[in-house]
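Chain by chain, the residues run as shown.
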Amino acid sequence: MDAVKYDLDGDVAVVTIQNPPVNAASHAVRAGLVEAVQRAEVEAKAALIIGDGRTFIAGADIREFGKPPKDPWLPEVCNRIEACKIPVVAALHGTALGGGLEVALAAHYRVAVPDAKLGLPEVTLGILPGAGGTQRLPRLTGAEAALEMITTGRPVSAAEALEIGILDAVQDGTPRQIGLDMAREAIAKGPRPTGDLPAPEAVDFDAWHAKALARGKGQIAPATAVRAVQAASELPFTDGLARERELFGDLMASPQREGLIHAFFAERAVAKLPELEGVAPRDLAEIGVVGGGTMGAGIAAACLLAGLKVVLVDRDADAADKAKARVASMLDSAAKRGKLLPERRSEIDSGGFRAADTYDALDASDLVIEAVFEDMDVKREVFATLDKVCKEGAVLATNTSYLDINAIAGATGRPSDVIGLHFFSPAHIMKLLEVVVADATAPDVVVTGFALAKRLRKIAVRAGVCDGFIGNRILAHYRMAIDNMVLDGADPYQVDAALEAFGMAMGPYAVSDLAGLDIGWATRKRKAATRDPRERVPGFADTLCEMGRFGQKTGRGYYLYPDGARRGEPDPEVQQILADERAQQGLTPRSFTDDEIQRRFMAAMVNEAARVVGDGIARRPLDVDVTMLSGYGFPRWRGGPMKWADMTGLDLVLADLKRFAKDDPWFWQPAPLLQKLVDEGRTFEDLNKEAQP
Ligand code: 3HC
Ligand code: NAI
């Protein structure tokens, strides 16, 4: 199949892009487009560009990034389309994104079907529209609307695109049919190059730049894109194109682009289970949830928002009522955000959701997710009951954060149906789902876990059983590194600020306050008896809990939250608690630079992540990356901790570990896998590649 098909429909040359699955503008597509336009100029009176299959062009071919570019480049293709002597129409359907939308902007007229989406998502990949998008879009829409689309990367609907001037019409029908109609009208009107339109009026570009920098949290592409749009307003069209090219080149060469594109492909790779290919998932119509607290209610809401039926069981009628109210309030706020249509809400209210106080209500559930207290005895009792009431073939899942899923499965007579589905709080919002596979879990149960994630629009990562699975196990380790630093003299507020400057969504102490300090307290108590005698044990976290300082919910934790404030203020009392503990342990406090805080934090994270991969808990380094990106606020533009380590140099990370180990050899002992990779001169990316299907 040719990447670009050419045929004549009367006077109109129809140019069809055929590059499944998303018609990315690969080299073959680019070359084919130029050839087709040249031919159309000779043979036809108008040309129509459409996409075959599910979409118009969804962008440049991202797989070609980082490789030597091959002529013709997309900017040249767009310029050639714009310079075409006969009118060119683009008829859009599916997702006209990035370079795809740029091809359409270079056409002279544009029409789309009503459910088409148009966008310039380049900044989400660490670049900016590099085929004229920053110059042509503002000429059509004005600078403000273009800046909004380009700096956020968010797509707009066809209706919105019509309103802001991108489209000339929105029409029902096939792309070919609506495009042909427009092309025939265009013959009389002639070509209409977008580049000939007047330059957009200036806006406060410096203010946009500052806003983009702040929103980017360390990411540079959105702010750089502002300067490209500014060039559209200040320079002649061709000079603006040259400026865009220059800025595009800078971003293309940046490590942020490498990190973001790694994240893009890693998110798609986690869902591929080559060893389970061909295994069908079990049916999912009705979901049971046991325990309607923070997590159970969130899980129920997530399933309801995805159109599934839900039955929730809690301990007694009072607890069931409270759970019901919790779910209702989550649905209310989803409705306010436009995520729940009124028709679906009435469906939910008229039987789509039930809360009960008896386990018998779960007899028709296809999959049951347990979210009761984090206590092995309670969990085992619940699973023994589920074994009695659930129908044959039902998947029995636990949302445990740390507990041994093999032991939970052992409470049933059907361990092959048992799996861990570890959601993150708030469960109806957070993207990550760890699918934790126990010793006896059946292959189709694993596949069902991934199918559920897809249905809930979540990113599922396969994990093995251990204390904390992938994410919480790594979290526990880097928490220990920063707690030790604080014990040695670092200020927790400096630690938070330094890690936010690194790009973390929130500093770890602010995260603890948000999640509730009592969770970690309970875990520490549970683990106290089995703790390694060589482990350093900072006591300040326990002291805070003993004082009833559980974080935001009690108005005080590491920070103070006066009058229900969401952002905390530093508290001198906490600094005093730390000073007292240091004195008591006979430690002379020392200071840490921001750089050292970041290096210790990352060295600890990468080291434990290497053990997680080495132990087979995560299948590949990229599974760790996706876990930390989508569940733990790791900066996406750094690609994840393993990608960060590769880009930093594994030898440098190892050298840091060995340096830190001089003070605390037990904690900083390098992971065998890390040492091995350094010895062999290999990277985590090499492991990713070897594991690809
Ligand atoms: N290049 C290469 N491959 C691409 C691609 C692209 N632009 N977009 C998607 N793919 C691949 C995916 O990797 C996936 O491959 P796989 O099946 O081997 O894993 C396959 O196409 C299907 O993609 P999804 O699983 O994501 O399918 P969905 O239907 O869920 O989503 C989509 C489709 C909305 C188009 C989504 O894939 C997407 O957002 N793609 C990226 C779009 C984008 O960012 N375009 C801009 C590119 S940069 C650019 O154009 C630069 C220019 O300015 C010069
Ligand atoms: P929670 O305390 O808010 O809710 C627990 C709920 O379970 C309560 O409604 C309680 O009445 C109910 N319950 C207790 N025993 C029961 C039984 N035998 N039968 C039926 N219902 C029973 O707890 P939370 O935070 O929702 O946690 C639940 C589980 O999810 C725990 O295993 C926890 O480790 C895990 N988890 C928690 C996260 C969080 O951020 N809170 C994140 C991910 C997992």
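Remember, it's a predicted structure, so these values are computed and weren't measured experimentally. (Residues numbered from 1 in each chain as written. Chains lettered and ligands numbered in written order. Predicted model: local features only at pLDDT ≥ 70, side-chain atom pairs only at ≥ 80, totals over all residues.)

Enquirer: Which parts of the structure should I look at to understand the overall build of the protein chain?
Expert: A count of helices and strands for the protein chain gives 29 helices and 19 strands. Its C-alpha atoms give the protein chain a radius of gyration of 28 Å, within 12% of the compact-globule value 26 Å for 693 residues. Summarising its shape, the C-alpha atoms of the protein chain cover approximately 85 × 60 × 55 Å along the three principal directions. Within the protein chain, contacts between residues separated by at least 24 positions form 74% of all contacts whose residues are at least 6 apart in sequence. (Helix = DSSP H or I, 4+ residues; strand = E, 2+ residues; numbered from the N terminus. Rg over C-alpha atoms; globule rule 2.2 N^0.38 Å. Contact = placed C-beta atoms within 7 Å.)

Enquirer: Sorry, what's going on with the site of ligand 1 here?
Expert: Lining the immediate surroundings of ligand 1 are 23 residues, of which Ala58, Gly59, Ala60, Gly98 and Gly99 lie closest. Mapped onto the shell around ligand 1, the elements with two or more residues apiece are strand 5 (95–97) and helix 3 (99–106). Across the shell around ligand 1, the residue classes tally to twelve nonpolar, six polar and five charged. (Near = placed C-beta within 6 Å. Nonpolar A, V, L, I, M, F, W, Y, C, P; charged D, E, K, R; others polar.)

Enquirer: Got a minute to help me understand the sheet that holds strand 5 in this structure?
Expert: Picture the strands of a sheet paired through backbone hydrogen bonds; they go either parallel or antiparallel. On the basis of which strands lie adjacent, the open sheet formed by three strands has the order 5-7-8 and mixed pairing. Each edge of the open sheet is held by one strand with a lone partner, namely strand 5 and strand 8 (156–157). When strand 5 meets strand 7 (residues 117–119), the two strands line up parallel, connected through three bridges. Bridge pairing links Ala96 to Leu118 in strand 7. Packing of helix 3 onto the sheet brings it into contact with strand 5 and strand 7, and relative to strand 5 it is tilted by some 85°. (Pairing = 2+ DSSP bridges. Axes fitted to C-alpha atoms, helices over the stretch in contact; angles between N-to-C directions.)

Enquirer: Can you help me understand the sheet that holds strand 17 (residues 459–464) in this one?
Expert: Overall, mixed pairing links the eight strands, which are arranged 12-11-10-13-14-15-16-17 in an open sheet. If you trace the sheet from one side to the other, it starts and ends with strand 12 (353–356) and strand 17, each paired once. Recorded for the sheet is a direction-independent mean angle of 25° between the axes of neighbouring strands. The pairing of strand 10 (residues 286–290) with strand 11 (residues 309–313) spans five bridges and is parallel.

Enquirer: What is the right way to read the site of ligand 2 from this model?
Expert: Residues in contact with ligand 2 amount to 25 residues; listed here are only the nearest, Gly291, Gly293, Met295, Ser401 and Ser425. Elements supplying a minimum of two residues to the shell around ligand 2: helix 12 (294–305), helix 13 (317–336) and helix 15 (376–389). For the shell around ligand 2, the class distribution of residues is 13 nonpolar, nine polar and three charged.

Enquirer: Could you clarify how one ought to interpret helix 17 (residues 443–455) in this entry?
Expert: Because an α-helix completes one turn every 3.6 residues, residues spaced three or four positions apart along the sequence face the same direction. Look at helix 17: 19 Å from first C-alpha to last across 13 residues, which is about the 18 Å you get at 1.5 Å a residue. Among the residues of helix 17, those classed as buried are Val445, Val446, Thr448, Gly449, Phe450, Leu452 and Ala453. At the C-terminal side of helix 17, Arg457 shows a positive phi close to 55°. (Expected span 1.5 Å × (residues − 1). Buried ≥ 20, exposed ≤ 12 C-beta atoms within 10 Å, placed from the backbone.)

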